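Working through the structure, step by step
Residue strings, one per chain:
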Amino acid sequence: WTKEIMDIEIADMKDVTAIPILPFLEFKQDGFKLLTTKKEVYAEGKEMGHCVYTNYWSSVMSGNYLVYQVDWFDERATLGLNIYGDEIKFNQCYRHNNKSISSDLSAYVNNFIIELNKKINEKNYIIQ
């Protein structure tokens, strides 16, 4: 029943965009999709079987957290990043039902975070 209830909830859910994180859309890398709306984050949590929506949506809305859908080769995961001042820091990255990611994907994610921080510093992007 829970999955059916969630299907009904998302169909009737008012979609909201997390305006504070929209500037991060310009920082792109293959395999990473920034989720910027309530429905996207909700659907990600539902599809992946974890708490990204229930535990982190309010932080996304306030501009303190980024959620990325990760598709890299044959591995699918959700990446959560904390925004601290002028730096983005790793919080979590899990596959379906909070299963661990491979060491290869972990290295790719770490590289993404390094590159994201470099791009932010190059543009003198001020993080709220």
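Residues numbered from 1 in each chain as written. Predicted model: local features only at pLDDT ≥ 70, side-chain atom pairs only at ≥ 80, totals over all residues. Heavy atoms only, no water.

Regarding helix α2 (residues 38-48), the residues found buried are V41, Y42, E44, G45 and M48. On an axial view of α2, the arc spanned by its buried residues comes to 160°, and they lie on one face. (Buried < 20%, exposed > 50% of the residue type's maximum accessible area, 1.4 Å probe, protein only. Helix = DSSP H or I, 4+ residues; strand = E, 2+ residues; numbered from the N terminus. Arc of directions from axis to C-beta.)

Of note, T78 is situated in strand β3 (residues 75-84). In this structure the side chain of T78 is engaged in a polar contact, spanning 2.5 Å, whose partner is the side chain of E44. In this view, T78 contacts E44, M48, H50, V52, V67, Y68, Q92, C93 and Y94; residues no more than four positions away in its chain are not counted. (Polar contact = N/O pair within 3.5 Å; in protein donor to acceptor, adjacent residues only side chain to side chain. Contact = heavy atoms within 4.5 Å.)

A few words on the sheet that holds strand β1 (residues 32-34). Within a sheet, adjacent strands bond to each other through the backbone by hydrogen bonds, running parallel or antiparallel. Strand order across the open sheet formed by four strands is β1-β2-β3-β4, with antiparallel pairing between neighbours. Edge positions in the sheet fall to β1 and β4 (87-94), since each has one partner strand and no second. On average, each strand axis in the sheet is inclined to that of its neighbour by 30°, with strand direction left out of account. When β3 meets β4, the two strands line up antiparallel, connected through seven bridges. Note that in β4 the partner of I83 across the bridge is I88. The strands touched by helix α3 (residues 52-61) are β2 (65-72), β3 and β4; relative to β2, the strand with the most contacts, the crossing angle is about 125°. Each of β1, β2, β3 and β4 touches helix α4 (residues 103-122); the most contacted strand, β4, lies at about 160° to it. (Pairing = 2+ DSSP bridges. Axes fitted to C-alpha atoms, helices over the stretch in contact; angles between N-to-C directions.)

The next subject is the nonpolar core. Counting 32 residues, the largest nonpolar core has F24, L66, Y68, L79, L81 and L116 as the members making the most contacts within it. The element that contributes the greatest number of residues to this core is α4, accounting for seven residues. Excluding residues that lie within four positions of it along the chain, L81 makes contacts with N64, Y65, L66, Y68, I88, K89, F90, N91, F112, I113 and L116. (Core = buried A, V, L, I, M, F, W, Y, C linked by side-chain atoms within 4.5 Å.)

Remember, this is a structural readout, not a statement about activity or role.
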